[in-house]
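Understanding the architecture of this molecule
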Amino acid sequence: MTQLNPRQKQAVHYIDGPCLVLAGAGSGKTSVITRKIAYLIEECQIAARNIAALTFTNKAAREMKERATKLVKGSAAKGLTVSTFHNLGLNIIRREYRALGFKPGFSIFDSEDARALLKELMLKDGDLDTDLLDLTQHQISNWKNDQVVPGTALSKAESEGEQRMAIVYERYNQALRAYNAVDFDDLILVPVQLFAENADVLAHWQKKIRYLLVDEYQDTNNAQYLLVKQLIGDRGSLTVVGDDDQSIYAWRGARPENMSQLKVDFPSLEVIKLEQNYRSTQRILKTANHLIANNPHEFEKTLWSDKSIGEPIRIIQCSNEEAEAERVANEIVAQKLQRQAKFHDFAVLYRSNHQARLVELKLQHHQIPYAMSGGTSFFARTEIKDVMAYLRLVINPDDDNAFLRIINTPRRQIGTSTLEALGRYATEREISLFTACDELGLQSHIPEKPLERVKRFCHWILKISERSETDEAMPAIREMVDDIDYEAWLHQNASSSKVAERRMENVYYLLDSIGKMLNPEDPAREPSSLKDAISKLVLMDLLDRQEEEETLDQVQMLTLHASKGLEFPHVFIVGLEEEILPHRNSIEDENIEEERRLAYVGITRAQRSLTLLLANKRKQYGEVIETSESRFLAELPEGDVEREGFGQSTPENNQKKGQETLSNLMAMFDDDPN
DNA sequence: CCGACTTGATTTTTT
DNA sequence: ATCAAGTCGG
C-alpha cells in the first residue's frame, strides 16, 4: 500500500490539468484519491480546506477521509472536505439560503416524504394509481436531474400523460417551496441553478474549492456533472476516478457517458489507466475480462495481476433452487475446513433480494452465521420517521408534511374533518397548517373542542421550538419524546413488546446521535444548532451496530449491486440463469450490457476463488419452470472454468429441448409439501 | 380506530 | 406461494 505503481504515481502527481483515472476493479483507486489529497496538501501547498473530494455514499466519504487524514503529517488535513454530492449541496444551500429565498431550518424531504406529497397532490386530481405515482416521481426526478423546470416540461410534453405529470411537477415544486423544503434532487439542482444565475456566489465557491476530486465518476448524473463543471470553471483542477465497466446504476439516473463527455468538455484531459489488479487471481481476472469484452467500449482496458493463476472458476448446476442453496451451504462448510478459512471470508451474491431467502434458510439450517446487507434503512423506519417529523416541525413550522404525519400520532383526537377544515383554511390564506392553527378566523370553521386540541399541540411545539434555540436543545427534545409518551404508543402498535423495545432503542439512538452532533464540548463539530443537525441527519446513514458487523465472523450475503467496492476471498454467485442474471426486464428492455457489468462486478469481487451456481428448475410465482443457463456463462473462457452437474457436461446436452417434456413430467413427481 | 380481507406485486438503491 | 400494503366494514 505504501508503494504506488508507475500509473498510480502518474495519477497522483498529475496536477497540470483535468485528469480522468480509469480505475479497473481492485486497482487501488481509493489509494490514488487519498494519496493525491495528501500530495496536494504536502507537496503542492494547497490548504486542506481548499480541497474537496466527492463520493456517493457516506460510507465511502467516511473511509476516504479517514485514510487521507492518516496519510498527512500532523493535523494538516484539518478542514478537508470529503463528502457526498448531496452533503456538499446541502452545505451550499445552508450558506446561501438567503439568496435562495429559504428560511432557516428548511426541511429535506426524502423519497418517502416526496412520494407522500405527490400522492396528496395527485389525489386531488382524482387519479390515483401506484404505477402512475411511481412513474411521476421518477419523471420529476429525471427532469430535475436534467435541469428541466416545470414550465419547460409542460411546453415540451408530448402526450397528455406527460402534460399531467408536468403540471403535478409544478405543483410539487410549489408545495416544497411553501413548506420551506427541498428534496434530494434539489440538493444538487438548487446549487447548480444558483451558480448559473449568480456569478458572485459561484466565484466564492470556486475560490473555496481549489482542487476537486470525484470518486465513482461513472455514477454521476447530469446535475452532478454540471455542478462539478461549475466548480471547476476553466481551472482544470479536477481529478475524477471511475470505471465504465462498473456502471450499474444507469437505472437510477447515472450517466456513464459523463466519462467520455469529459474528453469533449476538457480537451486537455489526461487519461490514466490503472490496469494492475491487486485483488484477484489471474484466472478470475481473465474470466472477468473475457466476459466484459462482450460489451462495447469507449475506453479499452485489460486488467492484469501478478498474483498466481489460482483455482479454476467452478460452475455448478443444481437440479432446483433448493439444491442450489443447499449446495452453497455445504460448500461453505466444506471449504471452511479445507481452506482453514473464516466465515467472513465467504460471500454469497445474488441478483435480487428474494433469492437470498432460500440461501438464508439453508445457512440457518447448517448453523452458519451470516450477515445480510440491505433491509430497511434506519431512516425509513416508522419510529424514526415519526420522531424526525416532530424534529422537523420544531425547526421548520412550515413543514406541512411533518405536521400531517404527527398531528395525530400518537392519537390526539384530531380527525380527518378537522384537518380538512384546517387544510382548506390554510390553502385559502396561503399559510402553513401550523400557522393557520393560531389564526382567529379558524373559529368559524372548526368546532371548539377539536380546535382547542390543535391549538394545544401547536403551542406545545412552539415552546419546544423556542427552547431548542437555546443551549437546552437536547433536554427539550428529550422531554418532547417523553411528553408524547411515544414509548407507550410503540407498545400499543407493535406485535410484541420486544419489537416495541427495539423501536424505542432506535429512537434513543437517534436522540443520542443528535446529542453527539450538538456536543458543546467539541467546537470542531460542524453543526452547532439543532437546525443544522437535523438537516445533516437526514443525509446520514445511522447504521445500527455497524461496528459489530465488521468484526463478527459471518458469511456475507448481498446483492450484486451492494457488493460493489467490496472484496472477499471466496465468492459464490447464485442464479446464473436467463431471466435472473440477466434479469428478465433487462432482456425485454434490451439492456443486457448493464447486466453484464453487474456480473462483471460480482466476479471481480473474488480474491481467491469464484463459484457460480444455477438451477435447472425454479419455482416462480408458485409454479415450477424450466430455466436455461445465463448467456454470460458462454462468455467465460472455456479453459478456466470447471463445470459440474451438466449431464454429460457437453454444452449440446444442455440445449436439448426434447428433454423438456420429460423434465416437466418429472417435476410433477418432485413434489414439495403443498 | 382497529382488524380482517382483498389486492397486487415479485430488479437493482443512495442521498 | 408469499408477503406487504391498502381497503373496507364493524
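Worth saying up front: this structure is predicted, and the values here are computed from it rather than measured.

Conventions we followed
Residues numbered from 1 in each chain as written. Chains lettered and ligands numbered in written order. Predicted model: local features only at pLDDT ≥ 70, side-chain atom pairs only at ≥ 80, totals over all residues. Heavy atoms only, no water. Salt bridge = Lys/Arg side-chain N within 4 Å of Asp/Glu carboxyl O. Helix = DSSP H or I, 4+ residues; strand = E, 2+ residues; numbered from the N terminus. Buried < 20%, exposed > 50% of the residue type's maximum accessible area, 1.4 Å probe, protein only. UniProt positions renumbered as here; feature names shortened; annotations may be inferred. Contact = heavy atoms within 4.5 Å. Near = heavy atom within 4 Å. Polar contact = N/O pair within 3.5 Å; in protein donor to acceptor, adjacent residues only side chain to side chain. Nonpolar A, V, L, I, M, F, W, Y, C, P; charged D, E, K, R; others polar. Expected span 1.5 Å × (residues − 1). Phe/Tyr/Trp six-rings, centres within 6.5 Å; stacked < 30°, edge-to-face > 60°. Lys NZ or Arg CZ within 6 Å of the ring centre and 35° of its normal. pLDDT = per-residue confidence, 0-100. Pairing = 2+ DSSP bridges. Core = buried A, V, L, I, M, F, W, Y, C linked by side-chain atoms within 4.5 Å. Disulfide = S-S within 2.5 Å. Lys, Arg positive; Asp, Glu negative; His and termini not counted.

As for the pattern of salt bridges
As enumerated under the stated definition, the model contains 45 salt bridges in all. A salt bridge links glutamate 479 to arginine 467; the shortest N-O distance between them is 3.1 Å. Remark: arginine 467 occurs in helix α20 (residues 448-468) and glutamate 479 occurs in helix α21 (residues 473-483); sequence separation between them is 12 residues. By relative accessible area, which is 39% here, glutamate 479 ends up partly exposed. Across the pair arginine 631 and glutamate 578 runs a salt bridge, and its minimum N-O distance is 2.8 Å. On the criterion of sequence distance, the pair formed by arginine 631 in the loop between β15 (623-626) and β16 (641-644) and glutamate 578 in the loop between β13 (568-573) and α27 (584-588) is long-range, its members being 53 residues apart. Salt bridges sharing partners connect three or more residues here, namely Lys29, Asp215, Glu216, Asp219 and Lys564.

Considerations on the UniProt feature "binding site: ATP" (unreviewed entry) in chain A
Under the UniProt annotation, "binding site: ATP" (unreviewed entry) lies at Ala23, Gly24, Ala25, Gly26, Ser27, Gly28, Lys29, Thr30 and Arg279. Taken together, the annotated residues stretch across 257 residues yet fold into one region, lying no more than 13.4 Å apart by C-alpha. Counting through the fold element by element, serine 27 comes out in the loop between β1 (19-23) and α2 (29-42). Discounting chain neighbours no more than four positions away, the residues touching serine 27 are Gln8, Leu274, Gln276, Asn277 and Tyr278.

A short note on the protein's contact with DNA strand B
Neighbouring residues of DNA strand B: 20 residues in total, closest Asn58, Arg351, Asn353, Arg411 and Thr559. Counting only atoms of DNA strand B within 4 Å of the protein, the sugar-phosphate share comes to 52%. Residue asparagine 58 places a main-chain N or O atom 2.7 Å away from a phosphate oxygen belonging to DNA strand B. The side chain of tryptophan 251 places a nitrogen or oxygen atom 3.4 Å from a base oxygen of DNA strand B. Its residues assigned to classes, the surface near DNA strand B shows five nonpolar, 12 polar and three charged.

With respect to helix α18 (residues 416-429)
With 14 residues, α18 should cover 20 Å at 1.5 Å per step; its first-to-last C-alpha distance of 20 Å lies within 8% of that length. Summarising the contacts, the buried residues of α18 are in contact with α17 (400-406), α19 (433-437) and α20.

Examining the packing of aromatic side chains
Two measures describe an aromatic ring pair: the distance that separates the ring centres and the angle between the ring planes. Counted under the stated rule, the structure contains 10 aromatic pairs. Taken together, the aromatic side chains of Tyr390, Phe403, Phe457 and Trp460 make up a single cluster linked through ring pairs. For the cation-ring pair, lysine 336 lies above phenylalanine 343, with the distance from its terminal atom to the ring centre recorded as 4.5 Å.

Overview of the environment of glutamate 170
Residue position: glutamate 170 is located in helix α8 (residues 160-178). Take glutamate 170: its relative accessible area is 35%, and that puts it in the partly exposed class. Linking glutamate 170 and proline 150, residues 20 residues apart in sequence, is a C-alpha distance of 5.1 Å.

Observations regarding the confidence of the model for chain A
When pLDDT is averaged along chain A, the result is 87, and 92% of the positions lie at 70 or above. Within chain A, strand β6 (residues 211-214) carries the highest mean pLDDT (97), whereas helix α30 (residues 659-669) carries the lowest (39). Residue range residues 648-674 is modelled with pLDDT below 50. Its contacts to residues more than four positions away, or to other chains, number 16 contacts.

Here's the deal with the pairing of β15
For strand β14 (residues 606-620) and β15, the ladder comprises four bridges, and the chain directions are antiparallel. For glutamine 620, the partnering residue across the bridge sits in β15 and is glutamate 623. Counted along the chain from β14 to the antiparallel partner β15, the turn is two residues long, and its residue tyrosine 621 has a positive phi close to 50°.

Quick look at the side chain of aspartate 113
Mapped onto the secondary structure, aspartate 113 falls in helix α5 (residues 111-125). Note on aspartate 113: relative accessible area 5%, which makes it buried. When residues no more than four places from it in sequence are discounted, the contact partners of aspartate 113 are Ile108, Lys385, Arg392 and Asn401.

Brief notes about the nonpolar core
Counting 101 residues, the largest nonpolar core has Leu212, Phe403, Leu422, Phe457, Leu510 and Ile514 as the members making the most contacts within it. Residue contributions to this core peak at nine residues, all from helix α16 (residues 382-395). If near-sequence neighbours (up to four positions away) are discounted, leucine 510 is found in contact with Phe378, Phe379, Ile384, Val387, Met388, Leu537 and Leu542. In terms of nonpolar packing, the next biggest core, distinct from the first, is built from 36 residues, Ile292, Leu558, Val571 and Ile592 among them.

A word on the state of the cysteines
If you walk through the whole model with that rule in mind, you get zero disulfides. With no disulfide of its own, cysteine 19 lies closest to cysteine 44 among cysteine sulfurs, the gap being 13 Å.

Comments concerning the side chain of aspartate 244
Within the secondary structure layout, aspartate 244 lies in the loop between β7 (238-242) and α12 (257-265). This buried residue, aspartate 244, is left without a salt bridge; lysine 301 holds the nearest opposite charge, at 4.5 Å. Those residues within four positions of aspartate 244 in sequence are excluded, and the remaining contacts are Leu22, Gln218, Met259, His297, Phe299, Lys301 and Arg597.

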